[in-house]
Amino acid sequence: MQPVRISFALPLLALTLSCHKATPQPLIYVSNEDGGDVAIVDPNSAQVIARIPVGKRPRGVKLSPDGKVLYVALSGSPKVGPGVDESTLPPADRTADGVGVVDLVARKLVRTIPSGRDPESFDVSQDGKTLYVSNEDAAEMTVVDLSSGAVKARVAVGREPEGVTIRPDGKVVYVTSEQDNEVAAVDMSTLAVLAHIPAGPRPRSIVFTKDGKTAFVADEMGAMVTVLDVAASAPAGGIKIEQVEKTPLGPRPMGGAISPDGKLVFVSCGRSGSVVVVDVDTRSQLRTIDGVGTRPWGIGVSPDGKWLYSANGPSDDVSVIEVATGQIAKRVKVSGQPWGIAVGPPIAN
């Protein structure tokens, strides 16, 4: 199936929305890596309605199962781009490492939990009691008890671990390794590494189908999405991301999200400024949405599956995209290098 290009220079959807009452969208929680805060974005008004200072280099963000607490990965490691000699960088501030706990009712940081060196991404157990955190500098995943705030265990998972996702059945957690080009599968009860599954070059994130039988891994430097057979703990093919809008560096798959009905996977493509839509059943690129923003990374989808949100770092904004048409309805100025996105219902405060 040939990918279809969808590109819009103007937010024409705004004209459509003005003609009928749209269903209110949820709130978007955006981590700002350079700003040291989390912005709360209301996509209905296209405004930042609150900012919550959290600490240094906030990146990965996740909501608690009840939606009342936001967790955010914080890092004291200096920010570095590709090809930079790390010996020239200032020393890391290890006191800044941890996972911030944000009370969304009070809209403030209530504590920071130690979680290992340079945490970047994580996932929350289904009972809301445990965090599984990738620690990029340490090549390990830490297991953090949220009640005590203590690190219960450390698991070696591969060099430069990043994406962390718990399988839908809640039994195994998967961690991508950027440097080793693989995904580690870790048993959540024994913390034994069950498998090291090959992926494409520089895997960044992983999402599962609703039944947990298949996973899709965004491979940044491979310009592809690796499909994993979960039962076999093995790759089951790959989806090459075709470049539609020509950019110097081409597509760099980064973040991933699955539609509520489980039929589509959305992949942010970094420096190509696009989002790719993957058909789960056919395992193929269905279409490309161009002109999303500068280097979209974090990505989320509304609970009704009608809206898509991307965090666009260098352009300092968040895009609101209608899934059905691929139109960029709004671009919300956020500032501070938006990195991660979590989507949740409004919380009374």
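This section reports on the structure supplied with the text. (Residues numbered from 1 in each chain as written. Predicted model: local features only at pLDDT ≥ 70, side-chain atom pairs only at ≥ 80, totals over all residues. Heavy atoms only, no water.)

So, on to the sheet that holds strand β10 (residues 130–135). The antiparallel open sheet is built from four strands, whose spatial order is β9-β10-β11-β12. Of all strands in the sheet, those bounded by a partner on one side alone are β9 (119–124) and β12 (151–156). Strand-to-strand twist across the sheet, computed as the mean angle between neighbouring axes with direction ignored, equals 25°. (Pairing = 2+ DSSP bridges. Helix = DSSP H or I, 4+ residues; strand = E, 2+ residues; numbered from the N terminus. Axes fitted to C-alpha atoms, helices over the stretch in contact; angles between N-to-C directions.)

Take the packing of aromatic side chains next. Within this structure, the stated rule accounts for two aromatic pairs. The interplanar angle of 65° and the centroid separation of 5.0 Å between the aromatic rings of Y174 and F208 together place this pair among those described as edge-to-face. Placement of the pair is Y174 in strand β14 (residues 172–177) and F208 in strand β17 (residues 203–208), with a sequence separation of 34 residues. The exposure classification of Y174 matches that of F208, with both residues buried. Seen from their ring centres, W297 and W339 are 4.9 Å apart, and the 35° between their planes marks the pair as tilted. On the criterion of sequence distance, the pair formed by W297 in strand β25 (residues 296–301) and W339 in strand β29 (residues 338–344) is long-range, its members being 42 residues apart. (Phe/Tyr/Trp six-rings, centres within 6.5 Å; stacked < 30°, edge-to-face > 60°. Buried < 20%, exposed > 50% of the residue type's maximum accessible area, 1.4 Å probe, protein only.)

In terms of residue burial, strand β3 (residues 37–42) counts as a mostly covered element, since six of its six residues are buried. Burial along β3 is two-sided: the residues D37, A39 and V41 and V38, I40 and D42 are all buried. What sits between strand β2 (residues 27–32) and β3 in their antiparallel hairpin is a turn of four residues, with G36 showing a positive phi close to 70°. Relative to strand β4 (residues 47–53), β3 runs antiparallel, the two being bridged by six bridges. Paired with D42 across the bridge in β4 is Q47. Adjacent in sequence and paired antiparallel, β3 and β4 are bridged by four residues, among which A46 carries a positive phi angle near 55°.

The next thing to look at is the sheet that holds β17. A sheet is described by the order of its strands in space; here four strands give the open sequence β17-β18-β19-β20, paired in antiparallel fashion. What marks the edges here is a single partner per strand, and that holds for β17 and β20 (234–240). Direction aside, the axes of adjacent strands within the sheet are offset by 25° on average. Judged from the six bridges that link them, strand β18 (residues 214–219) and strand β19 (residues 224–229) form a sheet pairing that is antiparallel. Bridged to A218 within β19 is V225.

On to the pairing of strand β16 (residues 193–198). Side chains on a regular strand alternate between the two faces of the sheet. Inspection of the sheet shows strand β15 (residues 182–187) paired to β16 by five bridges, in the antiparallel sense. The residue bridging A185 from the neighbouring strand is A195, located in β16. Where β15 folds back onto β16 in an antiparallel hairpin, the turn is made up of five residues, including L191, whose phi is positive at roughly 65°.

Let's shift gears to empty space enclosed by the protein. It is a probe the size of a water molecule, rolled over the atoms, that shows where empty space is left. Under the criterion given, the structure shown has two cavities of 30 Å³ or more. Its boundaries defined by the atoms lining it, the largest cavity holds a volume of some 50 Å³. Lining the largest cavity are 11 residues; nearest its centre among them are E242, Q243, V244, S272 and S274. The class makeup of the residues in the lining of the largest cavity is four nonpolar, four polar and three charged. In this structure, the second largest cavity encloses a volume near 30 Å³. Lining the second largest cavity, in full, are S205, I206, V207, F216, A218, G256, V265 and V267. Listed by contribution, the elements that provide at least two residues to the lining of the second largest cavity are β17, β18 and β22 (264–268). At three residues, β17 tops the list of elements feeding residues into the lining of the second largest cavity. Tallied by class, the residues present in the lining of the second largest cavity amount to six nonpolar, two polar and no charged. (1 Å grid on protein atoms, 1.4 Å probe; cavity = no way out; pocket = protein on both sides within 12 Å on 5 of 7 lines; lining within 4 Å. Points joined across faces, edges and corners; volume = space filled by probe spheres on them. Nonpolar A, V, L, I, M, F, W, Y, C, P; charged D, E, K, R; others polar.)

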